[in-house]
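Listed below are the residues making up each chain.
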Amino acid sequence: MIPRLTPWRAVAAAFALNGVLLGIWASRIPAVMDRHALGEAELGRLLLIMGVGALLSFPLAGRMADRLGAVRLTRWIAGGYVVTVVLVGIAPNTAALGLALFMFGGAHGAMDVTMNSWATEVEKHLGRSIMSSFHAMWSLGTGLGAMTGAGASLVGLSLGTHFLVGALLAALLLGPALRLSWSSRRHAAGPVSPTFAIPSGALLLVGLVALASGLGEGAVADWSAVFLTDVVRTSEAQAALGFAVFSVAMVGARLCVDRVIMRFGPVSVARTGAIAAATGIALVAGIATAPAAFVGFVLMGLGYAALVPLAFSRAAADPVLPPGQAIAAVATLGYGAMLLGPPIIGFVAEETSLRVAFALLGGFALLAAFLAPALRPPDARV
């Protein structure tokens, strides 16, 4: 039984559960490769299948959240998400693994949309900015999920056992919080959604802010260690700290930034954050020494922390689309960039250099700073 269950704690538990399950999977990717004898190309194709599952789920989840209620749908999808994690762990062959990852990606993406829709309802109910704190719980959840992978590897747990035990424990510890009594507002269905939810009008500018942040987050997650070893010439142990300091900075900022948004407003916070991220990228790609790179990754974590939460909050307040569909459209650009950004970084690096590829991220960060006014709530006067 969860003591003093509140709307914030319920939504925070949903974000943490989503993050833990993703962290469990991500922490055992090397073991999955070994079990199924996958090369980098085969893994890349499987990750693309997983990403396509997520992208296809966005418009469907958005429309269903509007019609059925975000809280009810979040509960249903969370249960299915737990099951897909187990299926990934016990997949007997590559074909089954691909199918399981498609469902896993779909459940992860759908829950992303519905829990963010629920979060905006709670944010509106409380009358203050709290979205970043929810995303901090997601980041914390991914870290905890990854820690279970480290522990499972140390004690020699099989993939199937780890994924089953980890998913069930996460569901038992966090799932009860989702039972909070809450009635989501339902919205009439809009026009029939395309296969992919693509934002338009003013919402396109909001989506571009999320895209800039998604590109940066995806690049740091997948390329920071490579950059530190190949460009900066650090040891592998030091290289692992790049993403670690980025993640710690992002979680810390997300736990604090809501109060800053309440005081200074979303536009100022987004613009300052984007400029901080661009400054961090300049340190990483421009100076390319170990001290500069680590400071740069910290600045990137601090700078990107508020951008996606602010984009989702603005999407939920869109005067044209209902919240679920608006969030799904912004998620397509934000999470699509997080998925497709790393391969693009690799292509650019092959044609030029990794420093040039990272420098391009700075251009997108500056674009986010320029587009920051798009995050102003539609009913705001200034």
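Remember, it's a predicted structure, so these values are computed and weren't measured experimentally. (Residues numbered from 1 in each chain as written. Predicted model: local features only at pLDDT ≥ 70, side-chain atom pairs only at ≥ 80, totals over all residues. Heavy atoms only, no water.)

Considerations on the overall build of the protein
- Counting its regular elements, the protein contains 14 helices and zero strands.
- The linear arrangement of helices and strands in the protein, starting from the amino end, is α-α-α-α-α-α-α-α-α-α-α-α-α-α.
- The C-alpha atoms of the protein give a radius of gyration of 20 Å, which matches the 21 Å a tight globule of 382 residues would have.
- Here the protein holds 382 residues, and 54% of them are scored as buried.
- Relative to all contacts within the protein whose residues are 6 or more apart in sequence, the contacts with residues 24 or more apart total 84%.
- Here the protein has roughly 16400 Å² of accessible surface; of this, 69% comes from carbon and sulfur atoms. (Helix = DSSP H or I, 4+ residues; strand = E, 2+ residues; numbered from the N terminus. Rg over C-alpha atoms; globule rule 2.2 N^0.38 Å. Buried < 20%, exposed > 50% of the residue type's maximum accessible area, 1.4 Å probe, protein only. Contact = heavy atoms within 4.5 Å. Areas by Shrake-Rupley, 256 points an atom, 1.4 Å probe, with all protein chains shown as cover.)

Remarks on the nonpolar core
- Ranked by size, the top nonpolar core spans 124 residues in total, and within it Leu-21, Trp-25, Phe-104, Trp-118, Phe-134, Phe-297 and Tyr-304 carry the most contacts.
- Once you skip the residues sitting within four places of it in the chain, Trp-25 turns out to touch Val-32, Leu-47, Met-50, Val-88, Leu-101, Phe-104 and Phe-163. (Core = buried A, V, L, I, M, F, W, Y, C linked by side-chain atoms within 4.5 Å.)

A few points about the pattern of salt bridges
- Tallied over the entire structure, the rule returns two salt bridges.
- Between Glu-217 and Arg-254 there is a salt bridge; the shortest N-O distance is 3.9 Å. On the criterion of sequence distance, the pair formed by Glu-217 in helix α8 (residues 202–230) and Arg-254 in helix α9 (residues 236–264) is long-range, its members being 37 residues apart.
- The partner of Arg-314 in a salt bridge is Asp-318, and the shortest N-O contact between them spans 3.3 Å. The two residues Arg-314 and Asp-318 agree in class, both being buried. (Salt bridge = Lys/Arg side-chain N within 4 Å of Asp/Glu carboxyl O.)

A few points about the environment of Phe-104
- Tracing the sequence through the fold places Phe-104 in helix α5 (residues 94–126).
- For Phe-104, a relative accessible area of 1% gives the class buried.
- Linking Phe-104 and Ile-49, residues 55 residues apart in sequence, is a C-alpha distance of 9.9 Å.
- Excluding residues within four positions of it along the chain, Phe-104 makes contact with Leu-21, Leu-22, Trp-25, Met-50, Tyr-81, Thr-84, Val-85 and Val-88.

Brief notes about helix α13 (residues 323–351)
- The first and last C-alpha atoms of α13 sit 41 Å apart over 29 residues, in line with the 42 Å expected at 1.5 Å per residue.
- At Leu-340, α13 shows its largest bend, some 40 degrees, and a proline, Pro-342, comes one to four positions later.
- Most of α13 sits inside the fold, with 21 of its 29 residues counted as buried. (Expected span 1.5 Å × (residues − 1). Bend = angle between axes of the 7 residues up to and from the residue.)

Points about empty space enclosed by the protein
- Under the definition given, this model contains two cavities of 30 Å³ or more.
- Put simply, the largest cavity is a space of about 90 Å³.
- Every residue lining the largest cavity is listed: Phe-15, Asp-112, His-135, Trp-138, Glu-217, Arg-254, Val-308, Tyr-335 and Met-338.
- Listing elements by their share of the lining of the largest cavity, those giving two or more residues are α6 (131–155) and α13.
- For the lining of the largest cavity, the class distribution of residues is five nonpolar, one polar and three charged.
- Approximately 30 Å³ is the volume found for the second largest cavity.
- Lining of the second largest cavity is provided by Ala-210, Val-308, Phe-312, Val-330, Ala-331, Gly-334, Tyr-335 and Met-338.
- Every element with two or more residues in the lining of the second largest cavity is listed here: α12 (307–316) and α13. (1 Å grid on protein atoms, 1.4 Å probe; cavity = no way out; pocket = protein on both sides within 12 Å on 5 of 7 lines; lining within 4 Å. Points joined across faces, edges and corners; volume = space filled by probe spheres on them. Nonpolar A, V, L, I, M, F, W, Y, C, P; charged D, E, K, R; others polar.)

Observations concerning the packing of α8 against helix α11 (residues 290–304)
- Where α8 contacts α11, the axes come no closer than 11 Å and their chain directions differ by 160 degrees. Compared by their axis directions, α8 and α11 come out roughly antiparallel. Handedness of the crossing formed by α8 with α11: left-handed. Residues Ala-212, Ser-213, Gly-216, Glu-217, Val-220, Ser-224 and Leu-228 of α8 touch α11, and the partners they reach there are Ala-293, Phe-294, Phe-297, Met-300 and Tyr-304.
- The class makeup of the residues in the contact of α8 with α11 is eight nonpolar, three polar and one charged. (Axes fitted to C-alpha atoms, helices over the stretch in contact; angles between N-to-C directions. Parallel < 35°, antiparallel > 145°, perpendicular 65-115°, else oblique. Left-handed = near helix turned anticlockwise from the far one by under 90°.)

Brief notes about the environment of Ala-202
- Structurally, Ala-202 can be placed in helix α8.
- Residue Ala-202 is classed as partly exposed on the basis of its relative accessible area, which comes to 44%.
- Counting along the chain gives 176 residues from Ala-202 to Pro-378, while the straight-line C-alpha distance between them is 9.8 Å.

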